[in-house]
Amino acid sequence: MASHRRPKQPSRARISVLTAAAATAVAISAQSGAWADPAPSIDQVKAQIDDLNTQAEQATQQFDGAKERGDQLRQQASQLQDQVARTQDQVTQLQTGLAGVAADQYQNGGVDPSVQLMLNSNPGQYLDQAASMQVASSTEADVLKSLQSEERNLDQEKKEAADTLAQLDASTQQLNQAKTDVQNKLSAAQKLLNSLTASQRAQLAAQQAAQDRASRGADRTDLGSTANLPPASGYAGAAVTAALSRLGDNYVWGATGPSTFDCSGLMQWAYEQAGVSLPRTSQEQATVGTAVPSLAQAQPGDLVIYGQDAHHVGMYIGNGNVVHAPHTGDVVRIMQASVIGPILTIRRV
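Just so we're clear, the structure is a prediction, and the values are computed from it rather than from any experiment.

Along the backbone of the protein chain there are ten helices and eight strands. Out of the 349 residues in the protein chain, the part that is buried amounts to 42%. The long-range fraction of contacts in the protein chain, counting pairs at least 24 apart against all pairs at least 6 apart in sequence, stands at 68%. Carbon and sulfur atoms provide 50% of the accessible area of the protein chain, an area that totals close to 17,300 Å².

Every buried residue belonging to helix 7 (residues 234-244) is among Ala236, Gly237, Ala239, Val240, Ala242, Ala243 and Leu244, and all of these are buried. On the buried face of helix 7, the contacting elements are helix 8 (263-273), strand 5 (312-318), strand 6 (321-324) and strand 7 (333-336).

Where burial is concerned, most of helix 8 is hidden: nine out of the eleven residues are buried. Inspection of helix 8 places Cys263, Ser264, Gly265, Leu266, Met267, Gln268, Trp269, Ala270 and Tyr271 among the buried residues, and these make up the whole buried set. The first or second residue beyond helix 8 is Gly275, which carries a positive phi of 85°.

With that settled, the discussion passes to the sheet that holds strand 6. Read across the open sheet, the six strands follow the order 3-8-4-5-6-7; overall the sheet is antiparallel. Two strands close off the open sheet at either side, each with one partner strand: strand 3 (290-291) and strand 7. Strand direction decides the pairing type here: strand 4 (residues 303-306) and strand 8 (residues 343-348), joined by four bridges, are antiparallel. The residue of strand 8 that forms the bridge with Tyr306 is Ile343. Where helix 7 meets the sheet, its contacts fall on strand 5, strand 6 and strand 7, and the angle it forms with strand 5 comes to roughly 110°.

Formed by 38 residues in total, the largest nonpolar core has its most connected members in Leu244, Tyr271, Leu303, Met315 and Val323. Breaking this core down by element, the ones donating at least two residues are helix 2 (42-107), helix 5 (138-195), helix 7, helix 8, strand 4 and strand 5. Once residues lying within four places of it in the same chain are set aside, the contact partners of Met315 are Ala239, Val240, Ala243, Met267, Ala270, Tyr271, Gly301, Asp302, Asn321, Val322 and Val323. With ten residues, the next largest nonpolar core counts Val292, Met335, Ile340 and Ile346 among its residues.

As a general feature of sheets, a regular strand has side chains that alternate between the two faces. Bridge count between strand 3 and strand 8: two bridges; the pairing is antiparallel. Bridge pairing links Ala291 to Arg347 in strand 8.

This next bit is on the pairing of strand 6. Residues Asn321 and Val323 point to one face of strand 6 and Val322 and His324 to the other, with burial holding for every one of them. Pairing geometry for strand 5 and strand 6, over three bridges, is antiparallel. Bridging from a neighbouring strand, Tyr316 pairs with Val322 of strand 6. Counting the residues that bridge the hairpin from strand 5 to strand 6 gives two residues, and of these Asn319 lies at a positive phi of roughly 60°. In terms of strand pairing, strand 6 meets strand 7 through four bridges, oriented antiparallel. When the bridges of strand 7 are listed, His324 appears paired with Arg333.

Tallied over the entire structure, the rule returns three aromatic pairs. Look at Phe63 and Trp253: their rings are 4.9 Å apart centre to centre, the planes differ by 80°, and that puts the pair in the edge-to-face class. Here Trp253 lies in the loop between strand 1 (250-251) and strand 2 (260-261) and Phe63 lies in helix 2, a separation of 190 residues in the sequence. Each of the two residues, Phe63 as well as Trp253, counts as buried.

Turning our eyes to something else, we now look at the pattern of salt bridges. Under the criterion given, the structure shown has eight salt bridges. Salt-bridge contacts for Arg280 lead to Asp64; the nearest nitrogen and oxygen are separated by 3.1 Å. Highlighted residues: Arg280 in the loop between helix 8 and helix 9 (282-285) and Asp64 in helix 2, separated in sequence by 216 residues. Comparing Arg280 with Asp64, the two get one shared label, buried. The partner of Asp249 in a salt bridge is Arg246, and the shortest N-O contact between them spans 2.7 Å. Connected through salt bridges with shared partners, the residues Asp64, Asp262 and Arg280 form a single ionic network.

Before going further, it helps to spend a moment on the packing of helix 7 against helix 8. Look at helix 7 against helix 8: their axes get within 7 Å of each other, and the N-to-C directions meet at 125°. In terms of orientation, helix 7 lies oblique with respect to helix 8. In this structure, helix 7 crosses over helix 8, and the sense of that crossing is right-handed. Residue-level contacts link Tyr235, Ala236, Ala239, Ala242 and Ala243 of helix 7 to Leu266, Trp269, Ala270, Tyr271 and Gln273 of helix 8. For the contact of helix 7 with helix 8, the per-class residue count stands at nine nonpolar, one polar and no charged.

As a further point, take unusual backbone geometry. In the segment running from Gly257 into Pro258, the intervening peptide bond is cis, with an omega of 5°. Counting through the fold element by element, Pro258 comes out in the loop between strand 1 and strand 2. Unlike most non-glycine residues, Ala310 shows phi in positive territory, near 55°. Here Ala310 is to be found in the loop between strand 4 and strand 5. A relative accessible area of 5% means that Ala310 is categorised as buried. The phi angle at Asn319 is positive, at roughly 60°, despite the residue not being glycine. Take Asn319: it is sitting in the loop between strand 5 and strand 6.

Calculation criteria
- Residues numbered from 1 in each chain as written.
- Predicted model: local features only at pLDDT ≥ 70, side-chain atom pairs only at ≥ 80, totals over all residues.
- Heavy atoms only, no water.
- Helix = DSSP H or I, 4+ residues; strand = E, 2+ residues; numbered from the N terminus.
- Buried < 20%, exposed > 50% of the residue type's maximum accessible area, 1.4 Å probe, protein only.
- Contact = heavy atoms within 4.5 Å.
- Areas by Shrake-Rupley, 256 points an atom, 1.4 Å probe, with all protein chains shown as cover.
- Pairing = 2+ DSSP bridges.
- Axes fitted to C-alpha atoms, helices over the stretch in contact; angles between N-to-C directions.
- Core = buried A, V, L, I, M, F, W, Y, C linked by side-chain atoms within 4.5 Å.
- Phe/Tyr/Trp six-rings, centres within 6.5 Å; stacked < 30°, edge-to-face > 60°.
- Salt bridge = Lys/Arg side-chain N within 4 Å of Asp/Glu carboxyl O.
- Parallel < 35°, antiparallel > 145°, perpendicular 65-115°, else oblique.
- Left-handed = near helix turned anticlockwise from the far one by under 90°.
- Nonpolar A, V, L, I, M, F, W, Y, C, P; charged D, E, K, R; others polar.

Here's what the structure looks like:
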């Protein structure tokens, strides 16, 4: 496959956690707009931005999950409401039929005691009393049993619809909170960048670019080389080909393609092109298929899940590399699987 060249983009840096003093300095700067004295180093700023990007990724996966659940609940609620309407129509038709019998009898000289009892009682009471009075015909009993059954169904369907709508409301609240969390983390990262001078921003970009080149090797292109990759066949091979076709596409949180992606959205889209359905979030993707013991045993198409909370995912393509959508501000690219972060699990779809 041919190499893809795109403008250089900063990638996620993997640096040790801030010291307490540095964290305090960054917090003060975020509030005041100026660095505390002494000012934190570029490495400390980069570590803080990296941490905020990771937190934004975590919130993005929560957003993806809440959105998927909300979509499912919305469809379920619509189906239940349609069923409630159909059952209500059946109940109304049965009730209308009983009322018609009473009207005909009234016009012909009086309402039969059994029909009067039907109209003045609920179906259960009528069937009990009619049996003791021996006034219900088999047809009347069948009609009332049908009405009783439909009314029970209607009550149950109304309850299920109400419960589903309550769940949808809770899911919507989770969705909105996750969305707010993502936006807050990204805004905080941008505020840190904005607090730097132009020369500091240039230095930060240069360090990120150098680390990115080191993670892929000096002979690699900006987005990663697709040369000399091991062959992949079947649906895994088709998924790899699809994912690599998106090199250079922008990361957008919550996106599932076809031209913008978040990390799990890229995996879902790529496998969809191969005719395989994957769940939406990286946490769910961490449970699909079978576990691969180690990166040394990974094959092209395997999903590599990162972080103890499974907040990030990439696709193994061979030679120790994955293709993934890193974070906001970056693009779909190839990187060494081991440098992205701690690997939680590898899954063969």
